[in-house]
Amino acid sequence: MAYDQIEGSAAGLAARLDAELREAHPLTVLRAAHERFGARLALVSSFGAESAVLLHLAAQVSPGIPILFLDTGMLFGQTLDYRKSLAARLGLSDVRDLRPAFADLAIQDPKADLWRTSVDDCCHIRKVLPLDRALAGFDGWITGRKRFHGGDRLSLPVVEVADGKVKFNPLANWTKVELDAYAAEHDLPAHPLVAQGYASIGCWPCTQPSDDGRAGRWAGQEKTECGIHVARAPGVAPNVGGDI
């Protein structure tokens, strides 16, 4: 099937699902996604400051849902520890650690300092490309993005299409208050760095403490997204996509 046919088919399905689910509870969105795609559905998580809520909800639908975790090689040690402890706490049985390809690092970032000269290129080889490869085996995927993050996320739909795949944003409608209330109700453990003033957590070179949402990510730069949520034009290598 041609690219435009795949994209059109997925776009039609995404539009129908968004109309049905745009006011639904996140758990209802996740159940609908799992019912529609089954084993062809994955959840992408950064195991960051807000990740516990979506992962807890997903575990209620299916603890075996594939969880794609981008281990960039530049994450805080606390994030790696949190990924292990939270997955065990929630009983998530299929967390997949996605790492950058050795060849990409050897050619483009041999000294592991690409972030100093081009944060976009660094994100591309450490996040975008590994996720592209992993999502090739799925037809639908789930993110933890919310409208209150601001920027391009202000108009975020609950269901959308991205390069021929249906993309679910179950928490799009929730406010920070609702998110915190759910975490408190279910006694979900916070990322260790939250207590140190990090409201959003990515790679250590490009993350600073900040209590203002994602303001601590790529501080002082125009960049607001790592690239996994920016679709490419047809004919270009597919970018199917984080503080996710």
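This is a predicted model, so every value here is computed, not measured.

Caption draft 1: The pairing of strand β1 (residues 41–44), seen in detail. Neither face of β1 is left uncovered, since the one carrying L41 and L43 and the one carrying A42 and V44 both have all their residues buried. Of the strand pairs in this sheet, β1 and strand β2 (residues 67–70) are connected by 2 bridges, and their pairing is parallel. Across the sheet, L43 pairs through a bridge with I67, a residue of β2.

Caption draft 2: A look at helix α2 (residues 26–37). The terminal C-alpha atoms of α2, which comprises 12 residues, lie 16 Å apart, in line with the 16 Å expected from a rise of 1.5 Å per residue. With its phi angle positive at about 55°, G38 sits one or two positions after the end of α2.

Caption draft 3: Seen up close, the side chain of D18. When you line up the elements, D18 lands in helix α1 (residues 3–21). Side-chain polar atoms of D18 contact the backbone nitrogen of V159, separated by 3.1 Å. Excluding residues within four positions of it along the chain, D18 makes contact with P157, V158 and V159.

Caption draft 4: Just the pattern of salt bridges, in detail. Applying the stated rule across the entire model yields 11 salt bridges. Two residues, R22 and D18, come together in a salt bridge whose shortest N-O distance is 3.4 Å. Note that E160 and R145 form a salt bridge whose closest N and O atoms lie 2.3 Å from each other. One end of the pair, E160, is in strand β5 (residues 159–162); the other, R145, is in the loop between β4 (140–142) and β5, with 15 residues separating them in the sequence. Residue R145 is classed as buried on the basis of its relative accessible area of 5%. Beyond isolated ion pairs, a larger network of salt bridges with shared partners links D71, R83, D97 and R99.

Caption draft 5: Representation of the sheet that holds β2 in the model. Strands sit in the order β3-β2-β1-β4-β6-β5 across an open sheet of 6 strands; the sheet is mixed. On the outer flanks of this sheet lie β3 (95–98) and β5, each paired with one strand and no other. The average undirected angle you get between the axes of adjacent strands in this sheet is 30°. For β2 and β3, the ladder comprises 4 bridges, and the chain directions are parallel. When the sheet's bridge partners are listed, L68 is paired in β3 with R96. Against the sheet, helix α7 (residues 119–135) contacts β1, β2, β3, β4 and β6 (165–168), and its axis sits at roughly 155° relative to β2.

Caption draft 6: Region of the structure containing the state of the cysteines. Inspection of every chain in the model, using the stated rule, returns 0 disulfides. C122 takes part in no disulfide bond, and the closest cysteine sulfur, belonging to C123, lies 6.0 Å away. Looking at C203, it has no disulfide partner, and the nearest cysteine sulfur is the one in C122, 6.6 Å off. Overall, C203 belongs to the buried group, its relative accessible area being 15%.

Definitions and limits used
Residues numbered from 1 in each chain as written. Predicted model: local features only at pLDDT ≥ 70, side-chain atom pairs only at ≥ 80, totals over all residues. Heavy atoms only, no water. Buried < 20%, exposed > 50% of the residue type's maximum accessible area, 1.4 Å probe, protein only. Helix = DSSP H or I, 4+ residues; strand = E, 2+ residues; numbered from the N terminus. Pairing = 2+ DSSP bridges. Expected span 1.5 Å × (residues − 1). Polar contact = N/O pair within 3.5 Å; in protein donor to acceptor, adjacent residues only side chain to side chain. Contact = heavy atoms within 4.5 Å. Salt bridge = Lys/Arg side-chain N within 4 Å of Asp/Glu carboxyl O. Axes fitted to C-alpha atoms, helices over the stretch in contact; angles between N-to-C directions. Disulfide = S-S within 2.5 Å.

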